[in-house]
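Tertiary structure, described
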Amino acid sequence: ETDCLDVLPEGAAYDTTRDRFLMSSGRRRNVIAADADGRCHELLAPGNDGLLAVLGMDVDAARDTLWVASATAPFMRDAASAKPGDTRLSRIDLASGRMIASYTPASAGLLNDLDLLPDGRVAVTDSIAGTVYLLDPSEASPSLRPLLPAGSFEGPNGIVTLADGRLVVADFHALWLVDPSAAAPLRKRRLTTPGGRYLGGMDGLARDGDHIVAIQNLVGLGRVWRFRVDAAAEHVDDLQLLLRQHPDLRNPTTGVVVGRRFLFVVDPKLQVFADQAMTLAPAGRRGHRILALPLP
């Protein structure tokens, strides 16, 4: 259990260099670092160079940087300072907590979750525009370019890169396969599932070798799945239900694979934003709990 409240966490990442769990804060417009004893501190200094409500994140360990997506939200502090539809992808230096750069799409939207491709490019979903953007930070003037037309997905959220560079994108309806290296125009392909099981409504997706660990939270009770994607057959196989009905579950969102464990904030809705204020945490709670789920 951490020692921090007033967070409204969403994204998760892990800084292996400093052995700390990172959770994004929609409320504080910042990233919270938690050590193994649950002690929290904010990664960026107050002011944080214009970050909005922070959502998805991913660490680029080779470059010691953190990529974060943020967007205007009514529950973030000083919400009146940002315009509706403002959203950005930002790069943060992990050693100093300094903002390196931020990029905004050409149209209003909500950049949500992201993942790194093997070559260092960043893919990020836009849940309002219904598309996926790709950014190449090695370009002289990097910009967010849509891979597919707006409206290609309904509420795209989780995204993960397979070993071969193809992307798996989760929206309300299903899991989709997109190959960013294919010739234009790109197409999305719906992944079939064992027995036609509904695997829409996924939030966070994280790669575990040749498997994916996913949190499903938009329908029913929150649960954690593990499966493999057969890209050639466009099919999900080896589907395993790892967790459901845990007593601490309060709408989990995203997690990160660290060794043979899946780490995630189990209770993002420990507090909620209502009537322009944060509700109190349950009696006896000092902060959010991070669950370590053993992987097969």
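Structural data are supplied above this passage.
Right, let's walk through the structure included here. (Residues numbered from 1 in each chain as written. Predicted model: local features only at pLDDT ≥ 70, side-chain atom pairs only at ≥ 80, totals over all residues. Heavy atoms only, no water.)

**Focus on the side chain of Asp 93**
Within the element layout of this structure, Asp 93 appears in strand E7 (residues 87–93). Put simply, Asp 93 is tucked away with no salt bridge, and the nearest opposite charge, on Arg 98, sits 5.3 Å away. In terms of polar contacts, Asp 93 uses its side chain to reach the side chain of Ser 96, at 2.6 Å. Setting aside residues no more than four positions away along its own chain, Asp 93 makes contact with Asp 64, Thr 65, Arg 98 and Ile 100. (Helix = DSSP H or I, 4+ residues; strand = E, 2+ residues; numbered from the N terminus. Buried < 20%, exposed > 50% of the residue type's maximum accessible area, 1.4 Å probe, protein only. Lys, Arg positive; Asp, Glu negative; His and termini not counted. Salt bridge = Lys/Arg side-chain N within 4 Å of Asp/Glu carboxyl O. Polar contact = N/O pair within 3.5 Å; in protein donor to acceptor, adjacent residues only side chain to side chain. Contact = heavy atoms within 4.5 Å.)

**Description of the side chain of Gln 240**
Tracing the backbone shows Gln 240 in strand E20 (residues 235–244). For Gln 240, the contacting residues outside a window of four places in its chain are His 211, Val 224, Trp 225, Arg 226 and Pro 296.

**Remarks on a nonpolar patch on the surface**
A contiguous nonpolar patch, built from Phe 172, Tyr 198 and Leu 218 and spanning about 270 Å² of accessible area, is present on the exposed surface. Inspection of the secondary structure puts Phe 172 in the loop between strand E14 (167–170) and strand E15 (175–178). (Patch = residues over 30% accessible without salt bridge, like charges linked within 9 Å, V, L, I, M, F, W, Y side chains within 5 Å. Areas by Shrake-Rupley, 256 points an atom, 1.4 Å probe, with all protein chains shown as cover.)

**Some details on the nonpolar core**
Judged by nonpolar contacts, the single largest core of 17 residues is most densely connected at Val 168, Leu 175, Met 202, Leu 205, Ile 212 and Phe 227. Tallying contributions element by element places strand E19 (residues 223–230) first for this core, with three residues. Setting aside chain neighbours within four positions, we find Val 168 in contact with Gly 158, Ile 159, Val 160, Leu 162, Leu 175, Trp 176, Leu 177, Leu 191, Leu 205, Ile 212 and Val 229. Among the nonpolar cores identified, the runner-up in size contains 15 residues, and Ala 13, Leu 22, Leu 43 and Val 59 belong to it. (Core = buried A, V, L, I, M, F, W, Y, C linked by side-chain atoms within 4.5 Å.)

**Things to note about the state of the cysteines**
Two cysteines whose sulfur atoms are joined by a covalent bond form what is called a disulfide. Tallied over the entire structure, the rule returns one disulfide. A sulfur-sulfur distance of 2.3 Å marks the disulfide that ties Cys 4 to Cys 40. The S-S bond linking Cys 4 to Cys 40 shows a torsion near -40°; that makes this disulfide left-handed. Here the residue Cys 4 occupies a position in the segment before strand E1 (9–15), and Cys 40 occupies one in strand E4 (residues 40–42), the gap between them amounting to 36 residues. Its relative accessible area of 4% is what places Cys 4 among the buried residues. (Disulfide = S-S within 2.5 Å.)

**Comments concerning the sheet that holds E1**
Sheet architecture is open: four strands sit in the order E1-E2-E3-E4, paired in antiparallel fashion. Looking at which strands have only one partner, the edges of the open sheet turn out to be E1 and E4. Neighbour-to-neighbour, the strand axes of the sheet open up by a mean angle of 30°, direction not taken into account. With five bridges joining them, E1 and strand E2 (residues 20–25) adopt antiparallel strand pairing. Bridging across to E2, Ala 12 finds its partner in Met 23. (Pairing = 2+ DSSP bridges. Axes fitted to C-alpha atoms, helices over the stretch in contact; angles between N-to-C directions.)

**Details of the pairing of E14**
Of the two faces of E14, the one holding Leu 167 and Val 169 and the one holding Val 168 and Ala 170 are both buried throughout. What sits between the antiparallel neighbours strand E13 (residues 159–161) and E14 is a turn of five residues, in which Gly 165 has the positive phi angle 95°. Note that E14 and E15 share four bridges and pair antiparallel. Paired with Val 168 across the two strands is Leu 177, which belongs to E15. Adjacent in sequence and paired antiparallel, E14 and E15 are bridged by four residues.

**A closer look at the pattern of salt bridges**
Inspection of every chain in the model, using the stated rule, returns 21 salt bridges. With a shortest N-O distance of 2.6 Å, Asp 208 and Arg 260 are connected by a salt bridge. Here Arg 260 lies in the loop between strand E21 (255–258) and strand E22 (261–265) and Asp 208 lies in strand E17 (residues 202–208), a separation of 52 residues in the sequence. Where Asp 237 meets Arg 228, a salt bridge forms, and the shortest distance between an N and an O atom there is 3.1 Å. Among the residues examined, Asp 237 registers a relative accessible area of 22% and is labelled partly exposed. A residue is classified by how much of its surface remains accessible, and Arg 228, at 28% relative accessible area, is partly exposed. In the salt-bridge network here, residues are joined through shared partners; they are Glu 1, Asp 248, Asp 267, Arg 285 and Arg 289.

None of the figures reported here should be taken as evidence of function without further support.
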